[in-house]
Amino acid sequence: MYPLSEINDLGFFARVSMTMAQDAEWTLRAHPNTHLYLLCLEGSGVLNLGGAAGYAAEQYGFSYGDLLIIPRDVPYRLAGTWEAIVFHARTNAFADGVGGSRFTHPVLDYSGAGPQGGPHAAYLFDPLCSRRMEVPVPLTRVVREENAAAADDLYRRITPRDPQTNDAQARAEELKNPNVVGARVLRRAVDAPDVYNANAGNKQWAYPLTWTDDLAICIGATHNSSSDKDRPFDSHSHPDVEEYKYIISGSGTVTLGEGDPTVAREVYDFTAGDLVILPRGMPHVDAGDYTALYFHTRASAFGKIPGSSRFPHGAYVYTKPPRPTEEERAALNDPGTYVFMDSRETLNVFVPNPIVRIEHNPTGLQHLRPDLFPGRGPDSSDTA
């Protein structure tokens with residue numbers, strides 16, 4: 001578990017190891033009002049969705065590199081032998097705050113419930129799952145009426161959804177339960193091929209996300225220190241979201257404040273297993289030899305949804321470092337540019353930006369003018 005503050009965009013972040021012997025310990029549960037994300041780092045497993053509260057049963061296999069998106073409110077159980085990064089956002093894409101300031105991890109416990117049964121307990125956990133707040137359970141059971149089948153079919157036809165994945169078997173399974181979220185499992189081999197990001201000098205794979213996802217991006221990237229000299233990252237910030245990166249392997253540095261004279265320069269080392277949290281609006285530059293999972297939350301903890309449904313990933317540019325080729329130079333933006341990108345960073349929208357420069361106030365605003373305002377400053381003998 002990683003500790004998170006009350007205003008983090010994440011409610012929960014952990015690295016989890018699971019074995020077949022522990023399968024019975026993973027109860028059927030759901031998370032109200034927030035999606036759960038799981039990136040498989042090792043091994044393989046099975047995601048079982050539904051089977052309670054009137055949800056039809058779905059089943060998905062997953063393995064190394066696959067990204068699971070478990071929709072809000074849907075009961076689920078995980079099985080297999082695997083290691084993964086597991087997290088959910090602090091606030092969902094509809095700007096509905098989740099849990100409380102200290103108890104940000106909601107859980108409905110469906111263990112032992114039948115197909116139409118409701119949860120027998122509900123909890124709010126803190127980010128470390130060290131404390132639990134029990135809350136009333138409003139749902140006891142789901143009663144199917146005679147027209148339930150027709151109603152389900154109607155829901156399937158009117159509920160907007162983005163299929164996201166090109167995996168035919170997964171697309172067939174996800175049709176069982178109407179839901180605005182499309183794919184439950186995004187296949188690394190099918191949906192997130194390796195590409196080269198000339199802007200960052202990274203080998204990169206990006207998972208497609210929908211307008212209802214809690215995340216703006218979910219990108220895996222490999223960076224080489226040998227490219228830092230000729231292809232240093234541009235300094236940029238994300239005005240409306242926190243950036244998170246979990247270091248899967250290797251090590252590197254992140255430099256804050258580069259290109260912004262109003263921010264003190266800070267340099268932090270990171271290594272495998274570290275979680276790097278970059279505050280909204282903070283200029284940053286990465287360097288080193290590492291592989292990491294980058295992700296930005298879709299809505300901030302203060303309920304302000306960044307960008308638009310199709311272009312949720314905003315960035316403000318501070319520097320334009322040199323590049324060895326014309327193609328790579330064209331991939332960089334001039335300082336002062338404000339750009340919104342789609343979740344794969346393939347489409348850009350450049351927005352009008354009135355900022356000409358960022359600098360300290362020329363007078364410094366550090367002292368009063370006793371010659372202009374006698375007897376009213378801290379240096380004055382006037383103590384009245």
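How each quantity is defined
Residues numbered from 1 in each chain as written. Predicted model: local features only at pLDDT ≥ 70, side-chain atom pairs only at ≥ 80, totals over all residues. Heavy atoms only, no water. Patch = residues over 30% accessible without salt bridge, like charges linked within 9 Å, V, L, I, M, F, W, Y side chains within 5 Å. Areas by Shrake-Rupley, 256 points an atom, 1.4 Å probe, with all protein chains shown as cover. Salt bridge = Lys/Arg side-chain N within 4 Å of Asp/Glu carboxyl O. Helix = DSSP H or I, 4+ residues; strand = E, 2+ residues; numbered from the N terminus. Buried < 20%, exposed > 50% of the residue type's maximum accessible area, 1.4 Å probe, protein only. Polar contact = N/O pair within 3.5 Å; in protein donor to acceptor, adjacent residues only side chain to side chain. 1 Å grid on protein atoms, 1.4 Å probe; cavity = no way out; pocket = protein on both sides within 12 Å on 5 of 7 lines; lining within 4 Å. Points joined across faces, edges and corners; volume = space filled by probe spheres on them. Nonpolar A, V, L, I, M, F, W, Y, C, P; charged D, E, K, R; others polar. Pairing = 2+ DSSP bridges. Lys, Arg positive; Asp, Glu negative; His and termini not counted. Contact = heavy atoms within 4.5 Å. Phe/Tyr/Trp six-rings, centres within 6.5 Å; stacked < 30°, edge-to-face > 60°.

### Notes on a nonpolar patch on the surface
Judged by side-chain polarity, Leu154, Tyr155 and Ile158 come together as a nonpolar surface patch covering roughly 320 Å² of accessible area. Tracing the backbone through its elements, the reader meets Ile158 in helix α1 (residues 148-158). Of the residues examined, Ile158 reaches a relative accessible area of 56% and is grouped as exposed.

### Some points on the side chain of Thr91
Inspection of the secondary structure assignment puts Thr91 in the loop between β6 (76-89) and β7 (105-109). A polar contact is formed between the side chain of Thr91 and the backbone oxygen of Ser300, at a distance of 3.5 Å.

### Structural notes on the layout of surface pockets
Taken as a whole, the largest pocket holds about 660 Å³ of empty space. As for the largest pocket, its lining consists of 33 residues, of which Asn197, Asn199, Gln204, Met341 and Glu345 are closest to the centre. Listed by contribution, the elements that provide at least two residues to the lining of the largest pocket are β11 (195-197), β12 (202-206), β13 (215-223), β18 (284-297), β19 (313-317) and β20 (338-341). Its residues assigned to classes, the lining of the largest pocket shows 16 nonpolar, 12 polar and five charged.

### Quick notes on empty space enclosed by the protein
Overall, the coordinates contain two cavities of 30 Å³ or more when judged by the stated rule. Empty space within the largest cavity amounts to approximately 50 Å³. The wall of the largest cavity is formed by Tyr155, Arg156, Thr159, Arg161, Glu174, Leu175, Asn177, Pro178, Asn179, Val181 and Arg184. Looking at the lining of the largest cavity, its residues break down into four nonpolar, three polar and four charged. Here the second largest cavity defines a volume of roughly 30 Å³. Lining of the second largest cavity is provided by His238, Pro239, Asp240, Val241, Pro306, Gly314, Tyr338 and Phe340. Looking at the lining of the second largest cavity residue by residue, the classes come out as five nonpolar, two polar and one charged.

### A short note on the pattern of salt bridges
Scanning all chains against the criterion turns up 22 salt bridges. One salt bridge in this structure joins Asp126 and Arg131, with 3.9 Å as the shortest N-O distance. Residue class for Asp126 comes out buried when judged on its relative accessible area of 6%. For Asp240, the salt bridge is made with Lys304, and the minimal N-O distance between the two is 3.3 Å. One end of the pair, Asp240, is in the loop between β14 (236-237) and β15 (243-256); the other, Lys304, is in the loop between β18 and β19, with 64 residues separating them in the sequence.

### What about the pairing of strand β4 (residues 58-63)?
With burial as the criterion, only one face of β4 is covered, namely that bearing Glu58, Tyr60 and Phe62; the residues Gln59, Gly61 and Ser63 on the opposite face remain uncovered. Sheet topology places strand β3 (residues 36-49) next to β4; six bridges connect them, and they run antiparallel. Its bridge partner being in β4, Leu47 is matched across the sheet by Tyr60.

### Some thoughts on the side chain of Asp228
Following the sequence through the fold, Asp228 ends up in the loop between β13 and β14. Among buried charged residues, Asp228 stands out as having no salt bridge; its nearest opposite-charge side chain is Arg323, 8.4 Å away. In this structure the side chain of Asp228 is engaged in a polar contact, spanning 2.4 Å, whose partner is the side chain of His223. In this view, Asp228 contacts His223, Ala287 and Gly288; residues no more than four positions away in its chain are not counted.

### Notes on the packing of aromatic side chains
Overall, the coordinates contain 14 aromatic pairs when judged by the stated rule. Their ring planes at 90 degrees and their centres at 6.2 Å tell us that Tyr2 and Tyr246 sit as a pair that is edge-to-face. Of this pair, Tyr2 sits in the segment before β1 (10-18) while Tyr246 sits in strand β15, placing them 244 residues apart in sequence. Relative to Tyr338, the ring of Tyr316 has its centre 6.5 Å away and its plane inclined at 80 degrees; by these criteria the two rings are edge-to-face. Taken together, the residues Tyr316 in strand β19 and Tyr338 in strand β20 connect sequence positions 22 residues apart. Of the two residues examined, Tyr316 and Tyr338, each falls in the buried class. Through successive ring pairs, a cluster of aromatic residues spans Tyr2, Phe13, Tyr37, Phe87, Tyr244, Tyr246 and Phe295.

Spatial relationships are all this shows, so hold off on functional conclusions.
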